[in-house]
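The residues making up each chain are set out below.
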Amino acid sequence: YTYLVQTIIKTEKCYRNLQQYKEALSYLQKADSTAKAYFQSGDIIFSEVYSARSYYDYGKGEYDKSIQDALLSISIRRNKCANPDTFLTYPYQSLGTNYYIKGKNKEAIESFSKALYYALLCKYPDNDDLVSCWTGIGVTYWQEGNFDKAMESYQYSLSLNSKVKSPQVIASNYINISLL
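## A look at the packing of aromatic side chains
- Under the criterion given, the structure shown has seven aromatic pairs.
- Ring centres 5.9 Å apart and planes at 70° place the aromatic pair Tyr-21 and Tyr-56 in the edge-to-face group. Here Tyr-56 lies in helix α3 (residues 45–59) and Tyr-21 lies in helix α2 (residues 21–38), a separation of 35 residues in the sequence.
- Tyr-56 sits in the buried class, given a relative accessible area of 9%.
- Where Tyr-117 meets Tyr-118, the ring centres are 5.0 Å apart and the plane angle is 70°; that geometry is what we call edge-to-face.
- According to the relative accessible area criterion, Tyr-117 is partly exposed, its value standing at 48%.
- A relative accessible area of 8% places Tyr-118 in the buried class.
- By way of ring pairs, the aromatic residues Tyr-92, Tyr-117 and Tyr-118 are connected into one cluster.

And the structure:
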C-alpha cells in the first residue's frame, strides 16, 4: 500500500503544479485516508503525506501551516526511518521556501543548506534538487542584500544546469543574476 499512497501523492502533485487546488486537495485527502487505513499513526508513509501537504499549503499561501507540516514530516522521518537522511531533502526545501517568503532569511538559508546536505547524501543525487537548493540559497542572499553570495549561489546552480538542462531553471537563474 506504500506505492498506492505514493501514487496518490504524485497525482496530487500534478494537480498542484497545474494550480488545480480543489483536485489536489481531493488527492491529498485520499492519500491521508489511505495511509490511515493501512498504516499505524506516525508510520513513515505519513512523512510523505505531510511533505506533500506542506507543498500544498505553500501553494495556497498558508506558510505557517506549511512550515508545521514540513516539521512533522522531518520529525516522523527522524523517528521512524533507519536511514532518514536520504529522505529529508524535500521537507527542508519546503521549510526554506516558506522561511524565505516570510522574510526569515537565516532560517531559510539553514533549511536550504540542510536540504542540500541531504540531497548530496543520496547515492545518486537528483541534480534538480541540487539546483533548487542552490537557487533557494541565492534568492535568500539576494533578499538580505548579500549580492556577492547570491551571485556565487546562482553561478553554482547554473554550473549544475548543464546536467539538468531545464530551460526554466536556467532562465530563472539568469534573470536572478540580471537583478543583482
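And the narrative resumes.
## A short note on the pattern of salt bridges
- In total, this model carries six salt bridges according to the counting rule given.
- When salt bridges that share partners are traced, they join Asp-32, Lys-36 and Arg-53 into one network.

## Looking at the side chain of Gln-93
- Checked against the element boundaries, Gln-93 lands in helix α5 (residues 89–101).
- For Gln-93, a relative accessible area of 8% puts it in the buried group.
- In contact with Gln-93, other than residues within four places in its own chain, are Tyr-55, Phe-112, Ala-115, Asp-129, Ser-132 and Cys-133.

Cut-offs used in this document
- Residues numbered from 1 in each chain as written.
- Predicted model: local features only at pLDDT ≥ 70, side-chain atom pairs only at ≥ 80, totals over all residues.
- Heavy atoms only, no water.
- Phe/Tyr/Trp six-rings, centres within 6.5 Å; stacked < 30°, edge-to-face > 60°.
- Helix = DSSP H or I, 4+ residues; strand = E, 2+ residues; numbered from the N terminus.
- Buried < 20%, exposed > 50% of the residue type's maximum accessible area, 1.4 Å probe, protein only.
- Salt bridge = Lys/Arg side-chain N within 4 Å of Asp/Glu carboxyl O.
- Contact = heavy atoms within 4.5 Å.

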